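# Overview (structure and organization)
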Amino acid sequence: MQYRHLFFDLDHTLWDFDTNSKEALKDLYDNNQLHQKGIEHFDDFFERYSFHNHLLWERYAKGQIKQDELRWKRMYLAMLDFKFADEKLSRSMGMEFLDILPNKNKLFPYTHEILGYLQEKGYILHLITNGFEKVQQHKLLKSNIDNYFTEMITSEVSNSLKPNKEIFEYALNKTGANTKNSIMIGDNLDADIQGGINAGLDTVFVNHINAAPHIQPTYTIFHLKELEQIL
């Protein structure tokens, strides 16, 4: 067996972030009666939130903003697009969203099956994620996949973000793994694949959305079941 340690990304790779976050935002929209605040349609709010969230995550990844600013400003800027400004509500919604989101438990098809298969074959499974520690832990528990993983390395604990090689080096040190017996598995070409390459790891690009790759991974799969052909 060439590999011993398998490092998975969580969001968008195993945990269906898009479906779960949209469900959580709909709860948030309803709970805070945003339809009475000039935001008539949820889908419009979701589109603006997604736009600002993406930009703010890029700034967070570059170290330009802190976690707290990311959490509330994505709400504030989304509502501001509808000419509604309320920082207090935005901060409250930012906290409420993080309470709701980890309770959602939609996974990509075959997640439990492939993790069980890999565990039974003797691989040691870990996670490397740019998410927040408590939020990611809760996601694992609620989606009932926490028992598959030996270690979860977050950007919060490692003080580094994918694709920086420091988070991968931290993960290798923490797990006792090395670049020769490890592989990184994720959906994000820049964070997971280029990050893994930067750290000297083989990589598997989980191409759920059939994207055109601009970086060459070691392997590409389009469904989690295809990992059985590699591992």
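Everything below is about the structure printed above this text.
Throughout what follows, the structure given in this document is the object of discussion. (Residues numbered from 1 in each chain as written. Predicted model: local features only at pLDDT ≥ 70, side-chain atom pairs only at ≥ 80, totals over all residues. Heavy atoms only, no water.)

## Points about the overall build of the protein chain
Scanning the protein chain from N- to C-terminus turns up 9 helices and 6 strands. Taken over the C-alpha trace, the protein chain has a radius of gyration of 18 Å; the compact-globule value for 231 residues is 17 Å, and the two agree within 12%. By its C-alpha atoms, the protein chain is 60 × 35 × 30 Å across when sized along the principal axes. Here the protein chain, with 231 residues, has 50% of them falling under the buried criterion. Within the protein chain, contacts between residues at least 6 apart in sequence are counted, and of these 64% link residues at least 24 apart. For the protein chain, the accessible surface area stands at approximately 11200 Å², while carbon and sulfur atoms represent 47% of it. Averaging the locations of the 25 positively and 33 negatively charged side chains of the protein chain gives two centres separated by 4 Å. (Helix = DSSP H or I, 4+ residues; strand = E, 2+ residues; numbered from the N terminus. Rg over C-alpha atoms; globule rule 2.2 N^0.38 Å. Buried < 20%, exposed > 50% of the residue type's maximum accessible area, 1.4 Å probe, protein only. Contact = heavy atoms within 4.5 Å. Areas by Shrake-Rupley, 256 points an atom, 1.4 Å probe, with all protein chains shown as cover. Lys, Arg positive; Asp, Glu negative; His and termini not counted. Charge placed at Lys NZ, Arg CZ, Asp CG, Glu CD.)

## Considerations on helix α4 (residues 87-100)
Here α4 is 14 residues long and its end C-alpha atoms lie 20 Å apart, about the 20 Å a rise of 1.5 Å per residue gives. Buried within α4 we find Leu89, Ser90, Met93, Gly94, Phe97, Leu98 and Ile100. Along the axis of α4, the buried residues cluster in a sector spanning 170°; they form a single face. Residues of α4 that are exposed and angled more than 90 degrees away from the buried face: Lys88 and Asp99. The opening residue of α4, the one whose side-chain oxygen lies 3.2 Å from the backbone nitrogen of lysine 88, is aspartate 86. (Expected span 1.5 Å × (residues − 1). Arc of directions from axis to C-beta. Polar contact = N/O pair within 3.5 Å; in protein donor to acceptor, adjacent residues only side chain to side chain.)

## Section: the nonpolar core
The nonpolar side chains of a soluble globular protein tend to be buried with one another. Leu6, Phe8, Phe45, Phe149 and Leu227 are the most contacted members of the largest nonpolar core, which has 55 residues in total. By residue number, the principal contributor to this core is helix α2 (residues 42-61), which donates 6 residues. Setting aside residues no more than four positions away along its own chain, phenylalanine 8 makes contact with Leu14, Leu115, Leu118, Leu125, His126, Leu127, Ile128, Phe149, Met184, Ile185 and Leu227. Formed by 11 residues, the second largest nonpolar core is a distinct cluster that contains Ile128, Ile167, Phe168 and Ala171. (Core = buried A, V, L, I, M, F, W, Y, C linked by side-chain atoms within 4.5 Å.)

## Focus: helix α8 (residues 165-175)
Because an α-helix packs 3.6 residues into every turn, residues spaced three or four apart end up facing the same way. Taken together, the buried positions of α8 are Ile167, Phe168, Ala171, Leu172 and Thr175. Down the axis of α8, the buried side of the element spans an arc of 140°, and every buried residue falls inside it. In the core, the buried residues of α8 are packed alongside β1 (5-8), β2 (124-129), β3 (151-154), α7 (155-158), β4 (182-186) and α9 (189-198). Just past α8, the residue glycine 176 takes up positive phi, approximately 75°.

## Structural notes on the environment of lysine 142
With respect to the secondary-structure elements, lysine 142 resides in helix α6 (residues 133-142). Along the sequence, lysine 142 and lysine 104 sit 38 residues apart, while their C-alpha atoms lie 7.1 Å from each other. When near neighbours in sequence (up to four residues on either side) are disregarded, lysine 142 contacts Pro102, Asn103 and Asn105.

## Concerning the sheet that holds β1
Spatially, the 6 strands line up as an open sheet ordered β3-β2-β1-β4-β5-β6, and their pairing is parallel. Edge positions in the sheet fall to β3 and β6 (219-221), since each has one partner strand and no second. Going across the sheet, the axis of each strand differs from the next one's by a mean of 20°, ignoring polarity. The pairing of β4 with strand β5 (residues 202-206) spans 4 bridges and is parallel. Within β5, the position partnered with isoleucine 183 by the bridge is aspartate 202. (Pairing = 2+ DSSP bridges. Axes fitted to C-alpha atoms, helices over the stretch in contact; angles between N-to-C directions.)

## Some thoughts on the packing of aromatic side chains
Per the counting criterion, the structure on display carries 10 aromatic pairs. Ring centres of tryptophan 72 and tyrosine 76 lie 5.7 Å apart, and the angle between their planes is 70°; this geometry places the pair in the edge-to-face category. Note that tryptophan 72 and tyrosine 76 are positioned in helix α3 (residues 67-80) at a spacing of 4 residues, about one turn of the helix. With relative accessibility at 10%, the residue tryptophan 72 sits in the buried group. Overall, the relative accessible area of 22% leaves tyrosine 76 in the partly exposed class. Site record: aromatic cluster; members linked through ring pairs are Tyr29, Phe42, Phe45 and Phe46. The ring of phenylalanine 51 has arginine 48 lying over it, and the distance from NZ or CZ to the ring centre is 4.5 Å. (Phe/Tyr/Trp six-rings, centres within 6.5 Å; stacked < 30°, edge-to-face > 60°. Lys NZ or Arg CZ within 6 Å of the ring centre and 35° of its normal.)

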